[in-house]
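Coordinate analysis (summary)
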Amino acid sequence: MTPSILPRTLPGLLWLHIYLFATLVSAYKPLSDSFLRAIPPAGPEDFDIKTGKLLAPILIPRVPGTPGQTTTQRHFVDFFTRELPKWTIEWQNSTGTTPVNGMAPIPVENLIIKREPPWVKPGEANLLTLVAHYDSKSKYDSRKQIMEGFIGATDSAAPCAMLMHTARSIDKYITQMHDEMAELQEGGTVEMDMGVQILLLDGEEAFVDWTSTDSTYGSRRVSLAETWESSYNPPSSKFYKYRTPLSQISVFMLLDLLGAASPRVPSYFPTTHWAYKNLATIESRLRGLNLLESTPKEPFLPDLDGAMGKYSGISDDHLPFIGRGVPILHVIPSPFPDQWHQMTDDGEHLDMPSVKDWSKIVTAFALEWLDMMEVWTEPGQRKMS
Ligand SMILES: [Zn+2]
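As annotated in an unreviewed UniProt entry, the protein chain is Peptide hydrolase from Pleomassaria siparia CBS 279.74.

See below:
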């Protein structure tokens, strides 16, 4: 890791997270083959680039301060309100000053979409945090003096749609788990209540050139990471484990630049290498069971048996969080896709088998993380409990 971006307080926080991970590891039960088979595929009704209900509406320019930003936000809110009413939606809004438009402020609007056990109070749940940015890069053609309609299909329209698919695929199991725990009067008695939150972040892209002030408008400074660092959870007598929303994040899983063929996503961080290995194991098992459609020469996640992760040097929305001690699982290919920041990063250049496969891998990872084998019944067996 690069010491310059890490505060001096990190070792203490790191130990805390290692302790939490150890707690999680002990409860970690891999999904059975039959559960993996039951994960719904990301079908064309959701992922067709022209008509897919989840993906197609995001394949538009989504620059902060333009109508595309609002249209995309409405798409997310409509989807969760209509299809997943048990998830809460919060906004975290601010404004940023960009080097264009005479430093006129732009609206930076992050969405926090959450599903927690119904019995937890604010600040009590340990949250699997799935993240993607929804804004698209502003590209200005100085010769023609017009804004170009850059789509950013891998960057990060497709990852946003993958997270919507994941949310919908895990929802019924979460409901089942909450219902069963309530029935057994276990709600609020377990050591750690787990929930899931999806962060759809705004303003990741630079307006001119990537610098620390012209980029990650949504995740840094006056925006999410800093706001969360200084908002204290209400103390509750039993569970005052998490002082701030940042400390509630069990892992910050950031999806970016996904959807091109043959991605190679290495393990970047030693602190989350064990989680990376769980993710890579899921990919390998799904491939072994013929449940994935892509046929890359190398797995998407090649470091299953490799060395511990090493710091990537890639700048992204995780930086304001890693600097505050949050464990990061960065799911971004290295090298970046060929279409990266090109006008050709559009729907037509997505590799649909890879898009579908990521959706399934991430869904399986979330189910496993949330310990859903607890509610899975093997086909042909009656549930014993
Ligand atoms: Zn980008």
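The six strands are arranged β1-β2-β6-β3-β7-β8 in an open sheet whose pairing can be described as mixed. Looking at the sheet topology across the chains shown, the edges are occupied by β1 (88–97) and β8 (328–331). Taking each pair of neighbouring strands and ignoring which way they run, the sheet shows an average axis angle of 20°. Sheet topology places strand β7 (residues 249–255) next to β8; four bridges connect them, and they run parallel. Bridge pairing in β8 links F252 to I328.

Moving on to the pattern of salt bridges. Inspection of the entire model under this criterion finds ten salt bridges. R264 serves as the salt-bridge partner of E298, at 4.0 Å between the closest nitrogen and oxygen. One end of the pair, E298, is in the loop between α7 (273–288) and α8 (319–322); the other, R264, is in the loop between β7 and α7, and 34 residues separate them in sequence. The exposure class of E298 is partly exposed, given its relative accessible area of 40%. The salt bridge partner of R287 is E283, with a shortest N-O separation of 2.9 Å.

About the thresholds
- Residues numbered from 1 in each chain as written.
- Predicted model: local features only at pLDDT ≥ 70, side-chain atom pairs only at ≥ 80, totals over all residues.
- Heavy atoms only, no water.
- Pairing = 2+ DSSP bridges.
- Helix = DSSP H or I, 4+ residues; strand = E, 2+ residues; numbered from the N terminus.
- Axes fitted to C-alpha atoms, helices over the stretch in contact; angles between N-to-C directions.
- Salt bridge = Lys/Arg side-chain N within 4 Å of Asp/Glu carboxyl O.
- Buried < 20%, exposed > 50% of the residue type's maximum accessible area, 1.4 Å probe, protein only.

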